[in-house]
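Below are the chains, spelled out letter by letter.
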Amino acid sequence: MRTTAPQEAFLQAFHAEYPAVTAEAFSRGQAPDGRSSYEILCDRVAGSMRVLDLGCGDGLLLELLARRPGRQLAGVDLSSHSLALARRRPALSEAKLEEGRAQELPFADDSFDACVSHMALMLMSEIEQVAAEAARVLSPGGALACVVGGGAVGGEAYERFLTLLRRTIEETPSSQRIPALGDKRTRSREGLDEVLGPAGFAAVDWETVPIDLSGPVEQVWAAVSSLYDLGPLDGATVKRLRKAFFAEVRGMAMPDGYVPCVFRIRLATARLR
Ligand SMILES: C[S@@+](CC[C@H](N)C(=O)[O-])C[C@H]1O[C@@H](n2cnc3c(N)ncnc32)[C@H](O)[C@@H]1O
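Values in this document were obtained by computation on a predicted structure and should not be read as measured data. (Residues numbered from 1 in each chain as written. Predicted model: local features only at pLDDT ≥ 70, side-chain atom pairs only at ≥ 80, totals over all residues. Heavy atoms only, no water.)

K.L.:
Which parts of the structure should I look at to understand the packing of aromatic side chains?
P.N.:
We describe a pair of aromatic rings using the distance from one ring centre to the other and the angle between the two ring planes. Under the counting rule described, the total for this entry stands at 11 aromatic pairs. Both rings, one in W221 and one in F245, keep their centres 5.7 Å apart while their planes meet at 40 degrees; by these two values the pair is tilted. Here W221 is found in helix 9 (residues 217–224), whereas its partner F245 is found in helix 10 (residues 235–249), with 24 residues between them in sequence. Across this residue pair, the class does not change: W221 and F245 are buried. Ring centres of F245 and F246 lie 6.3 Å apart, and the angle between their planes is 75 degrees; this geometry places the pair in the edge-to-face category. The class for F245 is buried, based on a relative accessible area of 0%. A residue is classified by how much of its surface remains accessible, and F246, at 18% relative accessible area, is buried. (Phe/Tyr/Trp six-rings, centres within 6.5 Å; stacked < 30°, edge-to-face > 60°. Helix = DSSP H or I, 4+ residues; strand = E, 2+ residues; numbered from the N terminus. Buried < 20%, exposed > 50% of the residue type's maximum accessible area, 1.4 Å probe, protein only.)

K.L.:
I'm lost on helix 9 in this one. Help?
P.N.:
Working note: α-helix, 3.6 residues per turn, so residues spaced by three or four point in the same direction. Along helix 9, the positions that sit buried rather than exposed are V220, W221, A223 and V224. All buried residues of helix 9 fall inside an arc of 160 degrees around its axis, so they share one side. Tucked into the core, helix 9 has its buried residues touching helix 2 (21–26), helix 7 (157–170) and helix 10. (Arc of directions from axis to C-beta. Contact = heavy atoms within 4.5 Å.)

Dropping the structure here:
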């Protein structure tokens, strides 16, 4: 029997405690045109009727996709706790929601027109296997469309948070650090081409979009502190980090009290040749 890799065991344990953390942090984020990163991804596959979400979490993206009548939807995720939330969404009562790994998809060949993935592809190990599985379940000409994290824009709260977090982690015993997650090639166009090309995908279409997460400082803290890195930190360390963050961004607040916070996403789409 296959033993669970430490990375996947970490993700499962984290999401057992925080099953909807990404949707809570990012659903209110806005691109310059007002759409959330979930809405942008949903629009990318507007013409596809059979759609699979890789790392679907609590099912927010699938729920948006379900607004188009007649769509056949499916999701796969490692976390039974996140999937339990997805299964509670009335719009997903017909969706096939499976606990499993994107590296071993429990779906037949040629069963989807599009695979989507929001903030999950970059966490996956054995990424060539994920690419091969996506290619296997897609029909010829099918699309893989993903949102992956693209870091801070600079001069705003997320950049300050990352600097404080890096410092905190350097001072933290290794027992409180997360395992290395995913494959960094998923974070660049060239890297993704290298992974997806051999699986049969054409060149990746790559776009960078800033997502505005500005808000009252408590709300901005809730968003930035949803990162996996905080999971293993002890309570006192998180409290110190929070205090340092509040002090750091106090002077940044705008007249309406909002603290500027921007997170960059990379939107990648590739079609099966
Ligand atoms: C950051 S969360 C994003 C969840 C959701 N897509 C969203 O944006 O709200 C990443 C999700 O990917 C899932 N995941 C990570 N690696 C996976 C894998 N190899 N196979 C299936 N799911 C995976 C995690 O369990 C987690 O639910």
